[in-house]
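Secondary and tertiary structure notes
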Amino acid sequence: MSRYARALAAYVSASSLRQLGDADDLVGGFFARVLSDDEFLFRWRQSGMPLRRWLMNAMSFHCRGLVRDRARERERTCDVPEVMRPHHAAGIDALIAGSDHEASRSFERAWALAIVNQAYGSVQALLRNEGRDQDDAVLRMHVIEGMTYDQVASALGMTRQECFNAVRRIAARVRAAMRELLREEGVTESTLDAAIADVMRLVGAGRPSA
């Protein structure tokens, strides 16, 4: 839930489904429904589908169900003649059509950020336990704050090579942590490297200048 809440909210917010209400409320209702189904994750494992695709599809079906339920309720209470009632399926498809691609991209980017942040968070915890907080400081100053290796080295009292090595060590550990998260999500061993490349592309990660 913590990994996917923002991604699913981004999916809803970037599509016409946002007309259904607050994105966080929709995601909360979705989690309440699917997690009360003991077979939901079992069916995902049987499907062979990556978890992100399974959840995005399930969110779409959940919202389509809400649209149908609300349309039926309006028809039931408004006493509209049958010949004047819109076809349910056509109305639902029209609601979603044209925005699904944008919604999918928003979902994928939010999911990728969650994967990177979770992987980096686990590595940060390991570095603290190992007493290597300075390595993390090097990474943050160089990658996040955009400082050159020379500037980082001067600020931390390290050599440029020590800073470079620290960033390489952490990058390798973050990549390894990402591999484990993606394995959990049902990504096959043969496609792990491609999946990691997709994640980095989605978050716009590139190698910082030296």
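Residues numbered from 1 in each chain as written. Predicted model: local features only at pLDDT ≥ 70, side-chain atom pairs only at ≥ 80, totals over all residues. Heavy atoms only, no water.

**Section: the packing of helix H1 (residues 5-13) against helix H2 (residues 23-34)**
It is at 9 Å that the axes of H1 and H2 come closest, and there the two elements cross at 120°. One element, H1, and the other, H2, form an angle in the oblique class. Remark: the crossing between H1 and H2 carries right-handed chirality. Residues Ala 5, Leu 8, Ala 9, Val 12 and Ser 13 of H1 form the contact with H2, whose own contacting residues are Ala 23, Asp 24, Leu 26, Val 27, Phe 30 and Phe 31. Here the residues of the contact of H1 with H2 are counted per class, giving 9 nonpolar, 1 polar and 1 charged. (Axes fitted to C-alpha atoms, helices over the stretch in contact; angles between N-to-C directions. Helix = DSSP H or I, 4+ residues; strand = E, 2+ residues; numbered from the N terminus. Parallel < 35°, antiparallel > 145°, perpendicular 65-115°, else oblique. Left-handed = near helix turned anticlockwise from the far one by under 90°. Contact = heavy atoms within 4.5 Å. Nonpolar A, V, L, I, M, F, W, Y, C, P; charged D, E, K, R; others polar.)

**Side note on helix H7 (residues 133-144)**
Structural remark: α-helix, 3.6 residues per turn; residues separated by three or four positions point the same way. Over its 12 residues, H7 extends 16 Å from the first C-alpha to the last, a length consistent with the 16 Å expected when each residue adds 1.5 Å. Asp 135, Asp 136, Ala 137, Val 138, Leu 139, Met 141 and His 142 are the residues of H7 that are buried. Just beyond H7, the residue with positive phi is Gly 146, at close to 80°. (Expected span 1.5 Å × (residues − 1). Buried < 20%, exposed > 50% of the residue type's maximum accessible area, 1.4 Å probe, protein only.)

**Re the pattern of salt bridges**
Tallied over the entire structure, the rule returns 16 salt bridges. Ionic pairing is found between Arg 53 and Glu 108, a salt bridge with its closest N-O pair at 3.0 Å. Residue Arg 53 is located in helix H4 (residues 51-78), and its partner Glu 108 is located in helix H6 (residues 100-129); the two are separated by 55 residues in the primary sequence. Arg 53 sits in the partly exposed class, given a relative accessible area of 34%. (Salt bridge = Lys/Arg side-chain N within 4 Å of Asp/Glu carboxyl O.)

**Overview of the environment of Ala 153**
With respect to the element layout, Ala 153 can be found in helix H8 (residues 149-156). It is 9.9 Å that separates the C-alpha atoms of Ala 153 and His 142, two residues lying 11 residues apart in sequence.

**Comments concerning the nonpolar core**
Core analysis: the biggest nonpolar cluster contains 60 residues, and Tyr 4, Met 59 and Trp 111 have the highest contact counts within it. The biggest single contributor to this core is H6, with 11 residues. In this structure Trp 111 touches Tyr 4, Ala 7, Arg 52, Leu 182, Glu 185, Val 199 and Leu 202, once residues within four positions along its chain are discounted. (Core = buried A, V, L, I, M, F, W, Y, C linked by side-chain atoms within 4.5 Å.)

**Focus on the packing of H7 against H8**
As a packed pair, H7 and H8 sit with axes 10 Å apart at the nearest point and diverge in direction by 140°. If you check the angle between H7 and H8, you find them oblique. Relative to H8, H7 is oriented so that their crossing is right-handed. Between H7 and H8, the contacting residues are Gln 134, Ala 137, Val 138, Met 141 and His 142 on the first element and Tyr 149, Val 152, Ala 155 and Leu 156 on the second. Residues of the contact of H7 with H8, tallied by class, amount to 7 nonpolar, 2 polar and no charged.

**Some words on the side chain of Asp 135**
Take Asp 135: it is sitting in helix H7. Take Asp 135: its relative accessible area is 6%, and that puts it in the buried class. Among the polar contacts listed, one links the side chain of Asp 135 to the side chain of Arg 132, at a separation of 3.1 Å. (Polar contact = N/O pair within 3.5 Å; in protein donor to acceptor, adjacent residues only side chain to side chain.)

**Some details on the confidence of the model for the protein chain**
Confidence along the protein chain averages 85 in pLDDT terms, with 85% of residues attaining 70 or more. For the protein chain, helix H5 (residues 88-96) is the element with the lowest average pLDDT, namely 52, and H8 is the one with the highest, namely 96. Note that residues 82-89 has pLDDT below 50 and, in this model, 6 contacts with residues that lie over four places away or in other chains. Long-range and interchain partners of residues 205-210, a stretch whose pLDDT sits below 50, account for 8 contacts in this model, where long-range means more than four residues apart. (pLDDT = per-residue confidence, 0-100.)

**Observations regarding the packing of aromatic side chains**
This model, assessed by the stated rule, comprises 5 aromatic pairs. Their ring planes at 45° and their centres at 5.8 Å tell us that Phe 30 and Phe 31 sit as a pair that is tilted. The exposure class assigned to Phe 31 is buried, which follows from its relative accessible area of 9%. Taking 5.8 Å as the distance between ring centres and 50° as the angle between the ring planes, the aromatic pair formed by Phe 40 and Trp 54 counts as tilted. Here Trp 54 lies in helix H4 and Phe 40 lies in helix H3 (residues 40-47), a separation of 14 residues in the sequence. For the pair Phe 40 and Trp 54, one class covers both residues: buried. What links up through ring pairs into an aromatic cluster is the set Tyr 4, Tyr 11 and Phe 107. Its guanidinium or amino end placed over the ring of Trp 111, Arg 52 lies 4.3 Å from that ring's centre, counting from NZ or CZ. (Phe/Tyr/Trp six-rings, centres within 6.5 Å; stacked < 30°, edge-to-face > 60°. Lys NZ or Arg CZ within 6 Å of the ring centre and 35° of its normal.)

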